[in-house]
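# Working through the structure, step by step
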Amino acid sequence: MIYSLTLWPEWLPAFTQLGKDVENRRWKPSVPTPFEIVLLAGRKFGGKRSSLQEEDELALRQAACRAGWEGVVEGGKCVALLSPTTTPRPKTIPWPPPFDPGHALALVTVEEIVRGHRSPWSIPGQYQWVLSRVLPLQYSIPARGHQGLRPFPEALMPRLYDSLGPGSIPLP
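This section reports on the structure supplied with the text. Computed from a prediction, not measured in an experiment: that's the story for all the values here. (Residues numbered from 1 in each chain as written. Predicted model: local features only at pLDDT ≥ 70, side-chain atom pairs only at ≥ 80, totals over all residues. Heavy atoms only, no water.)

### Some details on the pattern of salt bridges
Tallied over the entire structure, the rule returns 3 salt bridges. A salt bridge links E23 to K20; the shortest N-O distance between them is 3.1 Å. Each member of the pair, E23 as well as K20, is classed as buried. Close ionic contact of R25 with E23 constitutes a salt bridge, the shortest N to O distance being 2.9 Å. With respect to class, R25 is no different from E23; both count as buried. One continuous salt-bridge network, built from bridges that share partners, spans K20, E23 and R25. (Salt bridge = Lys/Arg side-chain N within 4 Å of Asp/Glu carboxyl O. Buried < 20%, exposed > 50% of the residue type's maximum accessible area, 1.4 Å probe, protein only.)

### Describing the side chain of S4
With respect to the helices, strands and loops of the structure, S4 is situated in strand 1 (residues 2-7). A distance of 2.7 Å separates polar atoms of two side chains, one belonging to S4 and the other to H146. (Helix = DSSP H or I, 4+ residues; strand = E, 2+ residues; numbered from the N terminus. Polar contact = N/O pair within 3.5 Å; in protein donor to acceptor, adjacent residues only side chain to side chain.)

### Looking at helix 3 (residues 157-164)
Turning to helix 3, its buried residues are M157, L160, S163 and L164. Take helix 3 and look down its axis: the buried residues cluster within an arc of 130 degrees, on one side only. Summarising the geometry of helix 3, the exposed residues directed more than 90 degrees from the buried face are P158 and D162. (Arc of directions from axis to C-beta.)

### Observations concerning the side chain of E36
As for its placement among the helices and strands, E36 is situated in strand 3 (residues 35-41). According to the relative accessible area criterion, E36 is buried, its value standing at 2%. Among the polar contacts listed, one links the side chain of E36 to the side chain of T109, at a separation of 3.1 Å. Side chain to side chain, E36 and R133 meet in a polar contact 2.6 Å long.

### Comments concerning the sheet that holds strand 8 (residues 127-142)
Spatial strand order, 2-8-7-3-1-9: 6 strands in an open sheet with mixed pairing. At either end of the open sheet lies a strand with only one pairing partner, and these are strand 2 (22-25) and strand 9 (150-151). Against the sheet, helix 3 makes contact with strand 1, strand 3, strand 7 (103-115) and strand 8, and its axis sits at roughly 95 degrees relative to strand 8, the strand it touches most. (Pairing = 2+ DSSP bridges. Contact = heavy atoms within 4.5 Å. Axes fitted to C-alpha atoms, helices over the stretch in contact; angles between N-to-C directions.)

### A few points about the nonpolar core
Counting 18 residues, the largest nonpolar core has F35, I37, L39, V110, W129 and L149 as the members making the most contacts within it. Residue assignment for this core shows that the elements contributing at least two residues are strand 1, helix 1 (12-16), strand 3, strand 7 and strand 8. No other element matches strand 7, which puts 5 residues into this core. Among all residues touching I37, those that are not within four sequence positions of it are Y3, L5, A106, L107, V108, V110, W129 and L149. Grouped together as the second largest cluster of nonpolar side chains are 14 residues, L135, I141, A143 and M157 included. (Core = buried A, V, L, I, M, F, W, Y, C linked by side-chain atoms within 4.5 Å.)

### Details of the pairing of strand 3
Most of strand 3 is tucked away: 7 of the 7 residues are buried. Covered by surrounding structure in strand 3 are F35, I37, L39 and A41 together with E36, V38 and L40, the residues of both alternating faces. The pairing of strand 1 with strand 3 spans 6 bridges and is classified as parallel. Looking across to strand 3, one finds that L5 is bridged to L39. By the bridge criterion, 6 bridges tie strand 3 to strand 7 in an arrangement that is antiparallel. Note that in strand 7 the partner of F35 across the bridge is V110.

Right, dumping it as structure tokens:
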């Protein structure tokens, strides 16, 4: 079974572009690992940035820096990051991210759920859902966000498989 998990939109580029290898949660699901989750973009961006959006942006930059990336904000509109392993090859992430909230955007495998993982993306005191195989979808799929971990809608599975492209087979 494939599940879905809704994230703040600011965090999705961390998985697909910055190599975020854990998802931090205060709770541990009863689902045995490994399992797959579709990452959904949550809430809509409003015209005026909220303090929560600004906190998320700061948290994303701080986590990226802990992971060895250099973070720069230009005019509050984008996050430009330089990888520690490339001689300066900037990666620019548009801000806010250029996708529609309420859409499925990536498929990831949760290998295990632990506390105290050594990832620079880990938040102390929370569970780390250790991720592998982050597969960005070739096109987004409209899907309703929710709290918690829920089964991905069966009616959307054909679109999910199609959006993964050839050779990207989910777990059985």
